[in-house]
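# Structural overview for review
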Amino acid sequence: MKILVVDDERDVEALFRQKFRKEIRNEGLELLFAFSGKEALEILEKNNPPQVASVFSDINMPGMSGLEMLDIIKDRFPQLRVNMISAYGDADNYRKAMRSGARGFYTKPVDFESLRREIGEILRS
Amino acid sequence: MKHSIGDLRCMKQAIAVFAICAYLLPYLPGHSQTAESLKADMDRLERVPGYASDTAYLNKGNELGFILAESSPDSAIRFLDIQLQLCREANYKTGEAEALKIYGNALQNKGDFIGSIEYYTSALAIAKGLEGEVLVPGILNNIGLVNYNLGNYAEALNTFYEAIKGADQTKNSNVKAAALNNIALIYFELDKLDDAKEKYREMLAIYQVVGNQGRVILAYNNIGDVELKQKRPMEALKNLKIAYQSAMELESPEFIEMTSRTLADIYSELDSTEKAEQLYLQSISMSQANGYGVPYAHSLIGLAGLYYKNGKAEEALDLGKQGLAQAETMAQPMLMRNANELLSRIYEDQGNFEEALKSFQLFKSYNDSINTSHSQRLTASLEAEYEFSKRAMEYERASLRQRWVIFSACAGLVAFLIVLFVEFRNKKNLDKAYHALQEKTNEIASKNEALEKALSQLKAAQAQLIQAEKMASLGELTAGIAHEIQNPLNFVTNFSELSTELIQEIQQERAKKPEEQDPQLLDEILSDIQVNMGKIAQHGKRADSIVKGMLEHSRASTGEKVQTDVKNLINECLRLSFHGMRARDKTFSADFETELQADLPQVNLVAQDISRLLLNLCNNAFYACANPDFRRENPEVKPKVKVTAKIEKDGKSKEWLKISVTDNGPGIPQSIIGKIFQPFFTTKPAGHGTGLGLSLSYDIAKAHGGELDVKSVLGEFTTFTVFLPV
């Protein structure tokens, strides 16, 4: 089960890999990382339908923003679950993300327990 | 006729006297001294050694000589020979000229006219060589008198005229009056009685001003004489009464004799026989006593005529003979003629026809001679008059010139006053203008003060604005900064939590039985913890540097240049700007890239200021290409900001750090590209920009000795390039 994490902060990778060490080791979770929206779309487009079960993306990124990317993903891969993560937990971003078909909306600093629940759900489905 | 004949000599004498006196006046104020007192003075001066060259002594000598010349010409001549000698030895020119003139007086009084004129001429030659020529007019007057006595009326008139001119020039009114008298005398002789009277009146006026009583008496006497000749005996009597009264008051025998003689002529004319007789007798006795030769003859003949009129033939004959003899002695043709005429009548009445004929023949002969000489004189005087009028005109012209000069001076003065007045008015106007100017100056000064105050206020305001701009841009950056801090803080939080979890995992692992423990896992966890600690430290520092940068940005510039890592500075600014834009505008979306020369050196600059400059450029670039309106209108454009930095050499091999910030926004229209560096110029909606960003950026570049340029193509790109000296 592949999950794509999109964030321009590269340390996010280390963070996620450690956080989900058990899931990776024991539950067959595979984490993919993209450091921009563009990179994320490239990964997704390698296979259609994509081999990725879910996308967790930051909104605030240089170049393509997370929300822009969300629109594109929903346009191309309507079934793909996309969760948005934002440093700014404002209603505007939330509304926008939800309207664009985001499954969840997480605010930084990320509550990894709820994130783990979500990933667990994905893994079990 | 007989009055005038008799009068002439008398007047001559009187004139000669006063003319000399007039001359002496200026330096002999005490001329009233008697011969005795003068001698006493001289005796006293003689006691001092070297007295002979003492001018005071020599002046006294001349004064005495003058008195002697009048009273005793012969002794005067002896005295004056020595006096002349002394003056010459003392080289006292003034004294010598004076002595020569007095010598001439003495000779004239003796009847030696030719001799006198020689002395006068010598005196004149010396006088003309003296400073101011003050002696000249008096000498000329005396020369004129000699000429008159010689019957040379033309020459006499000329000389008197010269004398008057000289007297005017030397302001010698006494000599002028004397010359006037002498001119009058000639007019009298020529029967120009009105003219003669006019000259006498001029003379009288001068003497009245001068206050010379004797000369006033003479003037009245002579005016009366003219009036008598004009057959106006009553008027003559009035003037002579004044003259006689004055003469009595003056107790002067000369003037008493003279006035009584003229009065006698008048009374004789008026047939006041008794008074006339008495006065003639007085004149005769005084003339005899004082040796007045001509007056003596005149009065003898006058009294003889009076007696004859009153039928006293014997007395008349006797007196007539005496008078004739005296007249012959004095060589007076007029008197001789008058005497012979009278005698011939007496002889005829007595029947002595032989004597009568003789007398008549003599009378006829003198009369012819007089008439001949008279006609000659008339001819001469006509010539003289012509010459005189010419001279007079010349003189008139000269005095006219003088008057013209005076007039010119007056006109000049008036003009000067006018100019002065105009100047005064001008000055007043100038003063007014000056005051107005001063007011203006004060006004300007106070305005200047106000302006300076305003300027300093403006400077303060500008400083405040700069600070406000900083704070505004800081405000713009707040969101970005918050994000920039939030991210590292999140990592710090996350990695520390993670590490705690990892430690718990280790503990759990160690709680297991040793054979169940996975040493590989433990190693993995430990190495993760180590990495995490590194991440915590790294992100802590990152947050720290962001806070420091923010503080630095808000702080006033120290203006201190420090070696700065340009690459870091650019990345920091770019990210800060980007996140700031993103934080404020949720829809914001832009890409950015950097193209930084790999070996970019450290550059000495005021990092704080340059970072502000770069932030401004980046903010503008992101705003230009990624603001919502632009993206809505140009959906196909992918907003992108590119920052490049490299070292370039200019034509003079000088190295420059060149940083360019390019955006693919709409570009800047040519119409406003010239204004973008002006303060307060902004294209942003109200409330979105201070309009100071680029202006301050420009100032910062300039302050670094650098440049800030802009290039833009509408619809394609805008590039701001800053050049900073390395």
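In this text, all values refer to a predicted model and were calculated from it rather than measured experimentally. (Residues numbered from 1 in each chain as written. Chains lettered and ligands numbered in written order. Predicted model: local features only at pLDDT ≥ 70, side-chain atom pairs only at ≥ 80, totals over all residues. Heavy atoms only, no water.)

### As for the nonpolar core
All names here are of chain B.
- Among the nonpolar cores identified, the biggest contains 112 residues, and Ile139, Phe160, Ile186, Tyr200, Met203, Leu263 and Leu303 are the most heavily contacted of them.
- With 10 residues, helix α9 (residues 173-189) is the largest single contributor of residues to this core.
- Residue-level mapping places this core at the junction of two domains, with at least three residues from each of domain 1 (1-135) and domain 2 (191-270).
- What leucine 303 contacts, discounting residues up to four positions off in sequence, is Glu277, Tyr280, Leu281, Ile284 and Leu319.
- In this structure, Leu569, Ile610, Leu694 and Val710 belong to the second largest nonpolar core, which totals 50 residues. (Core = buried A, V, L, I, M, F, W, Y, C linked by side-chain atoms within 4.5 Å. Buried < 20%, exposed > 50% of the residue type's maximum accessible area, 1.4 Å probe, protein only. Helix = DSSP H or I, 4+ residues; strand = E, 2+ residues; numbered from the N terminus. Domains from an automatic or database assignment. Contact = heavy atoms within 4.5 Å.)

### A word on the interface of chain A and chain B
- At the junction of the two partners, chain A supplies 29 residues and chain B supplies 34 residues.
- For the pair chain A and chain B, the summed buried area comes to about 2,600 Å², and 48% of that belongs to carbon and sulfur atoms.
- When the area that chain A buries against chain B is broken down by residue, the three leading residues are Asp11(A), Gln18(A) and Arg21(A), summing to 23%.
- Taken together, the connections running from chain A to chain B amount to 7 salt bridges.
- For the salt bridge of Glu9(A) with Arg542(B), the shortest nitrogen-to-oxygen distance reads 2.6 Å.
- For the interface between chain A and chain B, the tally reads 9 residue pairs in polar contact (both at pLDDT 80 or more).
- Among the secondary structure elements, those contributing two or more residues to the side of chain A that touches chain B are α1 (11-19), α2 (21-26), α4 (66-76) and α5 (91-99) of chain A.
- At 6 residues, α1(A) tops the list of elements feeding residues into the side of chain A that touches chain B. (Buried area = accessible area lost by both parts, 1.4 Å probe. Salt bridge = Lys/Arg side-chain N within 4 Å of Asp/Glu carboxyl O. Polar contact = N/O pair within 3.5 Å; in protein donor to acceptor, adjacent residues only side chain to side chain.)

### Quick look at the packing of helix α6 (residues 113-128) of chain B against helix α7 (residues 136-149) of chain B
All names here are of chain B.
- As a packed pair, α6 and α7 sit with axes 9 Å apart at the nearest point and diverge in direction by 160 degrees. As far as their axial angle goes, α7 and α6 are roughly antiparallel. The handedness of the crossing between α6 and α7 is left-handed. On α7, the residues that touch Phe113, Ser116, Ile117, Tyr120, Thr121, Ala123, Leu124, Ala127 and Lys128 of α6 are Val136, Ile139, Leu140, Asn142, Ile143, Val146, Asn147 and Asn149. (Axes fitted to C-alpha atoms, helices over the stretch in contact; angles between N-to-C directions. Parallel < 35°, antiparallel > 145°, perpendicular 65-115°, else oblique. Left-handed = near helix turned anticlockwise from the far one by under 90°.)

### Observations concerning the UniProt feature "modified residue: 4-aspartylphosphate" (unreviewed entry) in chain A
Residue and element names in this part refer to chain A.
- Per the UniProt record, the feature "modified residue: 4-aspartylphosphate" (unreviewed entry) sits at Asp58.
- Along the chain, aspartate 58 falls in strand β3 (residues 52-58).
- Look past the residues within four positions of aspartate 58 in its chain and what remains in contact with it is Val6, Asp7, Asp8, Gly66, Met84, Ile85, Ser86 and Lys108. (UniProt positions renumbered as here; feature names shortened; annotations may be inferred.)

### Quick notes on the sheet that holds strand β2 (residues 591-596) of chain B
Residues and elements named next belong to chain B.
- Spatially, the 5 strands line up as an open sheet ordered β2-β4-β5-β7-β6, and their pairing is mixed. On the outer flanks of this sheet lie β2 and β6 (707-713), each paired with one strand and no other. Across the sheet, the mean angle separating the axes of adjacent strands is 15 degrees when strand polarity is ignored.
- Judged from the 6 bridges that link them, β2 and strand β4 (residues 640-649) form a sheet pairing that is parallel. Pairing of leucine 596 across the sheet is with alanine 645, part of β4.
- This element, helix α21 (residues 607-626), spans β2, β4, β5 (655-663), β6 and β7 (717-725) of the sheet and lies at about 25 degrees to β5.
- In the packing of helix α24 (residues 693-703) onto the sheet, contacts are made with β6 and β7, and the angle to β6 comes to roughly 135 degrees. (Pairing = 2+ DSSP bridges.)

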